[in-house]
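Descriptive structure summary
Letter by letter, the chains look like this.
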Amino acid sequence: MPLSHLDAELARLAGFSGPGTRTASHVDPRGLTVEAEFTAVDSMSSAVREVRADAPALSGCPFATVEQWAADLTVRITYLLEGLGVIELDPSAGEVQIRSTPPDRQGTQTQYYEILLNRNPAGQFVLKRYWTDKTSTGRVPVDFQLTHDQLKKLIADLLATAPIP
C-alpha cells in the first residue's frame, strides 16, 4: 500500500473510537487487496481488529508457494509483541497457520497472534490476536495495538512477501 494512501486513510480516521469498526483498504497494482479493520484510531496508533489480504492470483497455486510465503513472513515480521513461527501445514486444505512463538502467558491467561494463509478458493492472509484462559473453554479475538509506523511496516512486509507475479 503506498504510504501516502495509508497516511491519508489514517488521517481521515483519526479520532474514531467505535462503536463498530472502520476499514481502510487498498488494491495493489498486482491485484492484492489489503484491508485493516480498526476499532479506534488516534494520531499515533490504532486498535486493530484484523488485517486481511486477498490475492486471487494465488488461487490453486502449488502448496510450496504458500509455505514459502509463511516462511518469508515469519522472518520479516519481527516487531509485534511476540515472534512468529509456522505451527501447522495443511497441504490438503492449502492452508498454513502461523502463531506467536512463544505466546504471551500471564498466569492462566494467554494471548497470541495468529496468521492464516490459504490458497483456496483464492489466496488469503488474515492476522488476528486471540485471548484464552485455562479456566474457560475456547478463545476470544481481541484487538491489538499498532503504532502507525508498525502498521505501515506490516502492510509493506505483506506486500513485499506476497508471491504474486
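This text gives an overview of the structure that appears in the document. The structure presented is a predicted model; accordingly, all values stated were derived computationally and were not measured.

Quick word on the side chain of Arg52
Here Arg52 shows up in strand E3 (residues 45-55). Among the polar contacts made by the side chain of Arg52, one reaches the side chain of Glu37 at a distance of 3.1 Å. Of the polar contacts made by the side chain of Arg52, one reaches the side chain of Glu50; its length is 2.5 Å.

What to know about the pattern of salt bridges
Tallied over the full model, the rule gives 14 salt bridges. In this structure, Glu9 engages Arg12 in a salt bridge whose closest nitrogen and oxygen atoms are separated by 2.8 Å. Of the two residues, Glu9 and Arg12 are both situated in helix H1 (residues 3-13); the distance of three residues between them amounts to about one turn of the helix. Since its relative accessible area comes to 15%, Glu9 is described here as buried. Judged by relative accessible area, Arg12 falls into the exposed class, the value being 52%. Bridged by salt links that share partners, the residues Glu35, Glu37, Glu50, Arg52 and Lys128 form one connected network.

Rules used throughout
Residues numbered from 1 in each chain as written. Predicted model: local features only at pLDDT ≥ 70, side-chain atom pairs only at ≥ 80, totals over all residues. Heavy atoms only, no water. Helix = DSSP H or I, 4+ residues; strand = E, 2+ residues; numbered from the N terminus. Polar contact = N/O pair within 3.5 Å; in protein donor to acceptor, adjacent residues only side chain to side chain. Salt bridge = Lys/Arg side-chain N within 4 Å of Asp/Glu carboxyl O. Buried < 20%, exposed > 50% of the residue type's maximum accessible area, 1.4 Å probe, protein only.

Such coordinate-based values are descriptive only and should not be taken to indicate function.
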